[in-house]
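Per-entry structural report
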Amino acid sequence: ACTGIENIDEAITLLEQNNWDLVAAINGVIPQENGILQSEYGGETLQGPAYGPTSHSTAASSTPSSSSAFRHVVPSRQIVERQPRMLDFRVEYRDRNVDVVLEDSSTVGEIKHILENELQIPASKMLLKGWKTGDVDDSTVLKTLHLPKNNSLYVLTPDLPPPSSSSHSGALQESLNQNFMLIVTHREAQREYNLNFSGSSTIQEVKRNVYDLTSIPVRHQLWEGWPPSATDDSMTLAVSGVTFPCHRLTVGRRSSPIQTREQSEEQCTDVHMVSDSDGDDFEDATEFGVDDGEMFGVASSALRKSPMMPENAENEGDALLQFTAEFSSRYGDCHPVYFIGSLEAAFQEAFYGKARDRKLLAIYLHHDDSVLTNVFCSQMLCAESIVSYLSQNFITWAWDMTKEANRARFLTMCTRHFGSVVAQTIRTQKTDQFPLFLIIMGKRSSNEVLNVIQGNTTVDELMMRLMAAMEIFSAQQQEDIKDEDEREARENVKREQDEAYRISLEADRAKREAQEREIAEQFRLEQIRKEQEEEREAIRLSLEQSLPPEPKEESTESVSKLRIRTPSGEFFERRFLASSKLQVVFDFVASKGYPWEEYKLLGTFPRRDVTQLDPNKSLLEVKLYPQETLFLEAKE
């Protein structure tokens, strides 16, 4: 009546943000000059006369200290201005996260200006995404968006080139710039919508736009037609696998644990009725025939069609598959991604990879008999901020403690992995304290339970405790990364030394083998040379022995006297019978170590090659008589 907000979900969200303080919630929505503000006198409440039919007598009957009733008094000129509300933003860009804290009176453009300094990206090139109310412009004031204290945004820069210039990134950039037409059929209304989105739009933005058209909140939307690869609402259409240029989808409303708008309007017939009852009335609701399932508009039989997990399940992976399917059917597809496998496998996935890839392990312990289970699952565990934070920083594993056999099995696993103290802590938890959320951090020698979160919590408190655990984990992870880097550096040095030593050994071995081959070759050549020399010496001796005796000077036969000059300048002389064949001269020269195959015997006047003459002719015939001077020359 005061704010004009008709959406029950939005109203509940605003109340949760203000810790269910009605006055503070209204002050955060309506303008201050017409709103409900605190005066400077004793905390009295001032209300503008334009809102609601509240009579003067009704206001007079309420006490000044009541924070849930309204008083109609003359507005005071002296009004204490509302303190500015601080908003925290975690902005993600590629592999970087930037934390921004601003007053709610700031604009979106101021966030971009801060990011421009941090990321070194022009503000005009930024697309700031992740707003729960759809796209906004730079002049939008944050206060008008009714944001929670903690917000997650992300930056897209489709006009800037990606870090790598590979062909794959080029194709991705082209897909981001393309326009996709999504043909969305509203199942209940039997109506079809043709929606155009750029490739850089996310699945979450599509769902929010469909919420504007169909009035089905994102968490209550039941979709058909998304590709199997579209597993995360933060994915862009370009990488989600939807068909280009057109893709058909169907959306409907799933059963919601929150009351419908019509039910709320029927039950809340007078907005100014003030309930003085405390929380005990809700605890006694079962006395009036209403159980915890029906209080939220869904019958208990509908919530418990089948157990979350089979009793005495032999395979933990199969049990987790049924748990995930049943959880999705009860609370929708927007929930944490549960690890399918044994607890030991979850440890391996979370703790035993490289230090940079390690994550915290979150163990969700479900119990169907707890009155807190449905609220915790639908309102906290399925909150988009919680789901996103868990998927980025945690490996989430789940177990159902409803059945005694499954409970005993988990306690056995808990004792083995965490010790008897943690197992005893879980064993002593009462049913109404479930569900439980265990935050586990792996250490060098053991696994440490950082936190045990019970079901009676809020989204903000759950997020704060998750973030606190991440701070502890991040500090430990940085130490592990440093130790791992130092260890890898040492191992790299050792590997380099071993490789250098191996190369040195191979070089020495190759050098030694080369020397051995050289020595062997020299020995072989020496052997060949010796054999050749021996062979030549044998031939020389044979020729020397076969020579006819040298005739004497006083011989009566015609004698030819030959003087032969060697290449070294030496001379040797011999007498031959003029009737002797030229071959005898060749044999004589060969017996001196100058075989006619290697040397030629030349005459002087006229210059001629005697070795070219017929060796069977006599010296007289070849005109080497009575005397001649010859000289030896090596053949080429």
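Reading the values: rules and limits
- Residues numbered from 1 in each chain as written.
- Predicted model: local features only at pLDDT ≥ 70, side-chain atom pairs only at ≥ 80, totals over all residues.
- Heavy atoms only, no water.
- Helix = DSSP H or I, 4+ residues; strand = E, 2+ residues; numbered from the N terminus.
- Expected span 1.5 Å × (residues − 1).
- Buried < 20%, exposed > 50% of the residue type's maximum accessible area, 1.4 Å probe, protein only.
- Core = buried A, V, L, I, M, F, W, Y, C linked by side-chain atoms within 4.5 Å.
- Contact = heavy atoms within 4.5 Å.
- Pairing = 2+ DSSP bridges.
- Axes fitted to C-alpha atoms, helices over the stretch in contact; angles between N-to-C directions.
- Polar contact = N/O pair within 3.5 Å; in protein donor to acceptor, adjacent residues only side chain to side chain.
- Phe/Tyr/Trp six-rings, centres within 6.5 Å; stacked < 30°, edge-to-face > 60°.

Where an unreviewed UniProt entry is consulted, the protein chain appears under the name FAF1 factor, with the organism given as Nothocercus nigrocapillus.

Focus: helix 6 (residues 203–214)
With 12 residues, helix 6 should cover 16 Å at 1.5 Å per step; its first-to-last C-alpha distance of 16 Å lies within 8% of that length. Within the span of helix 6, buried status applies to Ile 203, Gln 204, Glu 205, Val 206, Lys 207, Arg 208, Val 210 and Thr 214. Just downstream of helix 6 lies Ser 215, where phi reads positive at about 65 degrees.

Observations concerning the nonpolar core
Within the largest apolar cluster, 58 residues are counted, with the highest numbers of intra-cluster contacts made by Leu 361 and Trp 397. Apart from the residues lying within four places of it in its own chain, the contact partners of Leu 361 are Leu 343, Ala 346, Phe 347, Ala 350, Phe 351, Phe 394, Ile 395, Trp 397, Leu 438, Ile 439 and Ile 440.

Remarks on the sheet that holds strand 8 (residues 191–198)
A sheet is described by the order of its strands in space; here 4 strands give the open sequence 8-7-10-9, paired in mixed fashion. Every interior strand has two partners, whereas the edge strands, strand 8 and strand 9 (221–224), have only one. Across this sheet, the average inter-strand angle for adjacent strands is 30 degrees, counted without regard to direction. Pairing of strand 9 with strand 10 (residues 246–253), which is carried by 4 bridges, proceeds in the antiparallel orientation. By the bridge assignment, Trp 223 is partnered in strand 10 with Val 251. Helix 6 contacts strand 7 (179–186), strand 8, strand 9 and strand 10 of the sheet and is inclined by roughly 145 degrees relative to strand 8.

What to know about the environment of Ile 386
Within the secondary structure, Ile 386 is located in helix 14 (residues 384–393). In this structure, the C-alpha to C-alpha distance between Ile 386 and Pro 336, residues 50 residues apart in sequence, is 8.0 Å. When sequence neighbours within four positions are dropped, the list of residues in contact with Ile 386 reads Met 380, Leu 381, Val 459, Leu 462, Met 463 and Leu 466.

With respect to the pairing of strand 16 (residues 571–577)
Going residue by residue along strand 16, you find Phe 572, Arg 574 and Phe 576 tucked away on one face and Phe 571, Glu 573, Arg 575 and Leu 577 left uncovered on the opposite face. When strand 15 (residues 559–565) meets strand 16, the two strands line up antiparallel, connected through 7 bridges. What sits directly across from Leu 562, in strand 16, is Arg 574.

Section: the sheet that holds strand 17 (residues 599–603)
An order of 16-15-19-17-18 is seen for the 5 strands of this open sheet, with the pairing classed as mixed. In this open sheet, the two edge strands, each paired with only one partner strand, are strand 16 and strand 18 (608–609). In this sheet, strand 19 (residues 627–634) lies alongside strand 17 in antiparallel orientation, the contact comprising 5 bridges. For Leu 602, the partnering residue across the bridge sits in strand 19 and is Phe 631. Set on the sheet, helix 18 (residues 582–591) makes contact with strand 15, strand 16, strand 17 and strand 19; between it and strand 16 the angle comes to about 150 degrees.

A look at unusual backbone geometry
Trans is the common state for peptide bonds, and a negative phi is the common state for residues other than glycine. Looking along the chain, the bond that leaves Phe 244 and enters Pro 245 is cis, with omega of 10 degrees. Within the fold, Pro 245 resides in the loop between helix 7 (237–240) and strand 10. Residue Tyr 625 is joined to Pro 626 through a cis peptide bond whose omega torsion reads 5 degrees. Looking at the element boundaries, Pro 626 is found in the loop between strand 18 and strand 19.

Regarding helix 18
The element helix 18 is largely enclosed, with a buried count of 9 among its 10 residues. Those residues of helix 18 not exposed but buried are Leu 582, Val 584, Val 585, Phe 586, Asp 587, Phe 588, Val 589, Ala 590 and Ser 591. Count one or two residues on from helix 18 and you reach Gly 593, which has phi positive near 100 degrees.

Some words on the environment of His 186
Inspection of the secondary structure puts His 186 in strand 7. Considered as a pair, His 186 and Val 210 are 24 residues apart in the sequence and their alpha carbons are 9.2 Å apart. Not counting the four nearest positions on each side in its chain, His 186 is found in contact with Arg 191, Tyr 193, Thr 214, Ile 216 and Val 251. In terms of polar contacts, His 186 uses its side chain to reach the side chain of Glu 188, at 3.4 Å.

Side note on the packing of aromatic side chains
Taken as a whole, this structure holds 21 aromatic pairs when the rule is applied. Their ring planes at 80 degrees and their centres at 5.3 Å tell us that Phe 180 and Phe 244 sit as a pair that is edge-to-face. One end of the pair, Phe 180, is in strand 7; the other, Phe 244, is in the loop between helix 7 and strand 10, and 64 residues separate them in sequence. Judged by its relative accessible area of 42%, Phe 244 is partly exposed. Centroid distance Phe 327 to Tyr 331: 4.9 Å. Interplanar angle 55 degrees. Geometry classified as tilted. One end of the pair is Phe 327 and the other is Tyr 331, both in helix 11 (residues 316–331) and 4 residues apart, which spans about a single turn. For the pair Phe 327 and Tyr 331, a shared accessibility class is recorded, and that class is buried. Taken together, Phe 323, Phe 327, Tyr 331, Tyr 338, Tyr 364, Phe 376 and Phe 437 form an aromatic cluster joined through their ring pairs.

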